[in-house]
Amino acid sequence: MAGWEDTAVAWLFDLCPPGYRSHDVLRKHPLLLARMARQHVAAALAAARHGYGTARVELAERVPVQAVEAALRMYEYEGSRAAATERAVRLVEEALAGERWEPRL
């Protein structure tokens, strides 16, 4: 593995829980790492969506309304970021699998 793959592997490890770095199989098979990173990011996206959908009801009587509104903005931001990261991981995963991207006009 050389070039962009090294950078991709480092980035994918950054997206995963720290303990994933201790598994040699993920270093030897970057496609497995990409799959696990994609699943981890998808879980974060699902958590942000769930948190957004339940925050008003679950927090209404526990924190001030301004804090709930701030939490909703945070969920929106983090959800958008996770969705963009999920798309990026999918592209890297496809590249690691040997798929070539062809621009469409």
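Everything below is about the structure printed above this text.
For clarity, every value in this text was computed on a predicted model and none was experimentally measured.

Trainee: I keep staring at the overall build of the protein and nothing clicks. Help me out?
Mentor: In terms of helices and strands, the protein carries four helices and zero strands. In the protein, the order of α-helices and β-strands from amino to carboxyl end is α-α-α-α. Taken over C-alpha atoms, the radius of gyration comes to 17 Å for the protein, far larger than the 13 Å a tight globule of 105 residues would show. Taking the principal axes of its C-alpha atoms as reference, the protein extends roughly 55 × 45 × 15 Å. Per-residue burial for the protein yields a buried fraction of 27% across its 105 residues. Considering only residue pairs separated by 6 or more positions, the protein has 58% of its internal contacts joining residues 24 or more positions apart. A total of about 7,500 Å² of accessible surface is found on the protein, and carbon and sulfur atoms cover 56% of it.

Trainee: Teacher, can you tell me more about the nonpolar core here?
Mentor: One broad rule of soluble globular proteins: the nonpolar side chains tend to lie buried together. Among the nonpolar cores identified, the biggest contains 11 residues, and these are Ala8, Val9, Leu12, Phe13, Cys16, Leu26, Leu33, Ala34, Ala37, Val89 and Val92. Secondary structure elements with two or more residues in this core: α1 (4-15), α3 (30-59) and α4 (65-96). Per-element accounting of this core gives the leading share, four residues, to α1.

Trainee: Looking at this structure, how should I read α1?
Mentor: Helical periodicity: at 3.6 residues per turn, an α-helix aligns residues three or four positions apart in one direction. If you check α1, its first and last C-alpha atoms are 17 Å apart, about what 12 residues at 1.5 Å a residue would give, namely 16 Å. Every buried residue of α1 is listed here: Ala8, Val9, Leu12 and Phe13. Projected down its long axis, α1 shows its buried positions confined to an angular sector of 135°, all on one face. Along α1, the residues that are exposed and aim more than 90 degrees away from the buried face are Thr7 and Asp14. Lining the buried residues of α1 we find α2 (24-28), α3 and α4.

Trainee: Looking at this structure, how should I read the pattern of salt bridges?
Mentor: Here the idea is simple: oppositely charged side chains can pair when their charged atoms come close. What the rule picks out here adds up to four salt bridges. Taking the shortest distance from any N to any O, the salt bridge between Glu78 and Arg81 comes out at 2.6 Å. Separated by three residues within a single helix, Glu78 and Arg81 lie in helix α4, roughly one turn from each other. The partly exposed category is assigned to Glu78, whose relative accessible area is 28%. Here Arg81 falls in the partly exposed class, since its relative accessible area comes to 46%.

How each quantity is defined
- Residues numbered from 1 in each chain as written.
- Predicted model: local features only at pLDDT ≥ 70, side-chain atom pairs only at ≥ 80, totals over all residues.
- Heavy atoms only, no water.
- Helix = DSSP H or I, 4+ residues; strand = E, 2+ residues; numbered from the N terminus.
- Rg over C-alpha atoms; globule rule 2.2 N^0.38 Å.
- Buried < 20%, exposed > 50% of the residue type's maximum accessible area, 1.4 Å probe, protein only.
- Contact = heavy atoms within 4.5 Å.
- Areas by Shrake-Rupley, 256 points an atom, 1.4 Å probe, with all protein chains shown as cover.
- Core = buried A, V, L, I, M, F, W, Y, C linked by side-chain atoms within 4.5 Å.
- Expected span 1.5 Å × (residues − 1).
- Arc of directions from axis to C-beta.
- Salt bridge = Lys/Arg side-chain N within 4 Å of Asp/Glu carboxyl O.

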